[in-house]
Amino acid sequence: MEANKNRILVFGGTGYIGKYMVKASISLGYPTFVYTRPINSETPISKIQLCKEFNSIGVTLVEGELEHDKIVAVIKQVDIVICTFAYPQVMEQLKIIDAIKVAGNIKRFLPSDFGVEEDRVKPLPPFQAFLDKKRKIRREIETSGIPYTFVSANCFGAYFVNFLLHPYDDNKKDITVYDNGETKAILNYEEDIAMYTIKVANDPRAHNRIVVYRPSKNIVTQNELISLWERKNGQKFNKVFVPEEDIINLSQILPPPQNIPVSIVHSVFVKGDLVNFELGEDDLEASQLYPDYNYTSIDQLLDKFIVDPPPPASAAFE
Ligand SMILES: NC(=O)c1ccc[n+]([C@@H]2O[C@H](COP(=O)([O-])OP(=O)(O)OC[C@H]3O[C@@H](n4cnc5c(N)ncnc54)[C@H](OP(=O)(O)O)[C@@H]3O)[C@@H](O)[C@H]2O)c1
């Protein structure tokens, strides 16, 4: 690793998207740190194995809870902070913001966004409440004067292929289609999301900007996705359409947090929130920022599910 490269610290680096970020950071040659909750008898074996793998590829692991003095000390050792906490821990980022303010050395902070462009959508109330927390974090970062990049990564590709197509279930004949299946969504492969994120975190062009990951080959409707999948595995599926009013109804009757995934489905696959705003002059788009980076198209991502499947997501959507 080059001595003059930015040092990157990831909070939540053992999580679903976090591990891709950590591996991307190492693969691009950045000294990489992961702040992780202490390993104890309750820790899942998968996390213990991942931490061993991180050690073997040169990641510096720091174990701890979010104690102020301890995180200030770690933050002082790095240049860039990326947080990939899950939704229930979003407000915990206030502790990281406080620590970054005290440390005073951070060149860029990327909070745990990585979904819809939360400042430009108006989804159903359960998803709105989810996004309100993420927005609060954005406003706190801006008010604090911390250099930032806000990332709208759109759908995690493998995660949503699992959710929509159930590619691991060989006996599945039915595929659920939300509304009429004609709304455009954006599915980006997790490895690319991570590579783009490490690139934007280090890119002066992305200083205090929002970056949207909207590569043209990954804009797809559910019907197009199903047709592509049918062509690849030579199977015809029976589409089971769920009308919009049923989705809205579910968002109203399901208790929290189960009312959030259906509200996300409504936002993404019914309203088309990922594509229904134009990128303006102040916006940056990842595939245009890095035209030489060969991202995985949705077509190529589906090939991976046939040849070398990415691990199934343990998603809130399952
Ligand atoms: N665009 C999409 O399609 C999509 C899909 C899913 C998620 N997301 C977004 O991506 C971000 C990360 O989500 P994720 O699903 O990758 O997160 P995750 O895997 O559920 O969790 C990330 C990490 O948070 C850490 N953590 C800290 N305190 C915790 C606590 N009290 N309980 C549990 N974990 C705790 C854990 O790391 P340690 O154990 O190492 O501390 C955990 O591995 C979120 O902003 C989420 O909204 C987007």
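Since this is a predicted model, take the numbers as computed values, not measurements.

The tendency in soluble globular proteins is for nonpolar side chains to be buried side by side. Counting residues in each nonpolar core, the largest one holds 76 residues, and the members touching the most others are Leu165, Leu187, Val200 and Tyr213. Non-local contacts of tyrosine 213, meaning those with residues more than four positions away in its chain, are made with Val151, Ser152, Ala153, Asn154, Ile186, Asn188, Ile193, Tyr196, Thr197, Val200, Glu285 and Ala286. Core analysis: the next-biggest nonpolar cluster, separate from the first, contains 29 residues, Val78, Ile100, Phe109 and Tyr148 among them.

Let's shift gears to the packing of aromatic side chains. One pass over the structure, following the stated rule, counts 18 aromatic pairs. Relative to phenylalanine 156, the ring of tyrosine 16 has its centre 6.0 Å away and its plane inclined at 25°; by these criteria the two rings are stacked. On the criterion of sequence distance, the pair formed by tyrosine 16 in the loop between β1 (8-11) and α1 (18-27) and phenylalanine 156 in strand β7 (residues 155-156) is long-range, its members being 140 residues apart. For tyrosine 16, a relative accessible area of 22% gives the class partly exposed. The lysine or arginine in question, lysine 5, covers the ring of tyrosine 30, its NZ or CZ lying 4.1 Å from the ring centre. Note that lysine 199 overlies the ring of tyrosine 290, its terminal NZ or CZ placed 5.6 Å from the centroid.

Taken as a whole and judged by the stated rule, the model has 0 disulfides. Cysteine 51 provides the cysteine sulfur closest to cysteine 83, a residue in no disulfide bond, and the two sulfurs are 16 Å apart.

Before going further, it helps to examine the site of the ligand. In the vicinity of the ligand, 23 residues are found, and the nearest of them are Thr14, Tyr16, Thr36, Lys47 and Asn154. Here tyrosine 16 contributes a backbone N or O atom positioned 2.7 Å from an oxygen atom of the ligand. Against a free-state accessible area of 920 Å², the protein chains account for coverage of 78% of the ligand. At the level of secondary structure, the elements contributing two or more residues to the shell around the ligand comprise α5 (125-144), β7 and α6 (157-165). Classifying every residue of the shell around the ligand by side-chain character gives 10 nonpolar, 9 polar and 4 charged.

Rules used throughout
- Residues numbered from 1 in each chain as written.
- Predicted model: local features only at pLDDT ≥ 70, side-chain atom pairs only at ≥ 80, totals over all residues.
- Heavy atoms only, no water.
- Core = buried A, V, L, I, M, F, W, Y, C linked by side-chain atoms within 4.5 Å.
- Buried < 20%, exposed > 50% of the residue type's maximum accessible area, 1.4 Å probe, protein only.
- Contact = heavy atoms within 4.5 Å.
- Phe/Tyr/Trp six-rings, centres within 6.5 Å; stacked < 30°, edge-to-face > 60°.
- Helix = DSSP H or I, 4+ residues; strand = E, 2+ residues; numbered from the N terminus.
- Lys NZ or Arg CZ within 6 Å of the ring centre and 35° of its normal.
- Disulfide = S-S within 2.5 Å.
- Near = heavy atom within 4 Å.
- Polar contact = N/O pair within 3.5 Å; in protein donor to acceptor, adjacent residues only side chain to side chain.
- Areas by Shrake-Rupley, 256 points an atom, 1.4 Å probe, with all protein chains shown as cover.
- Nonpolar A, V, L, I, M, F, W, Y, C, P; charged D, E, K, R; others polar.

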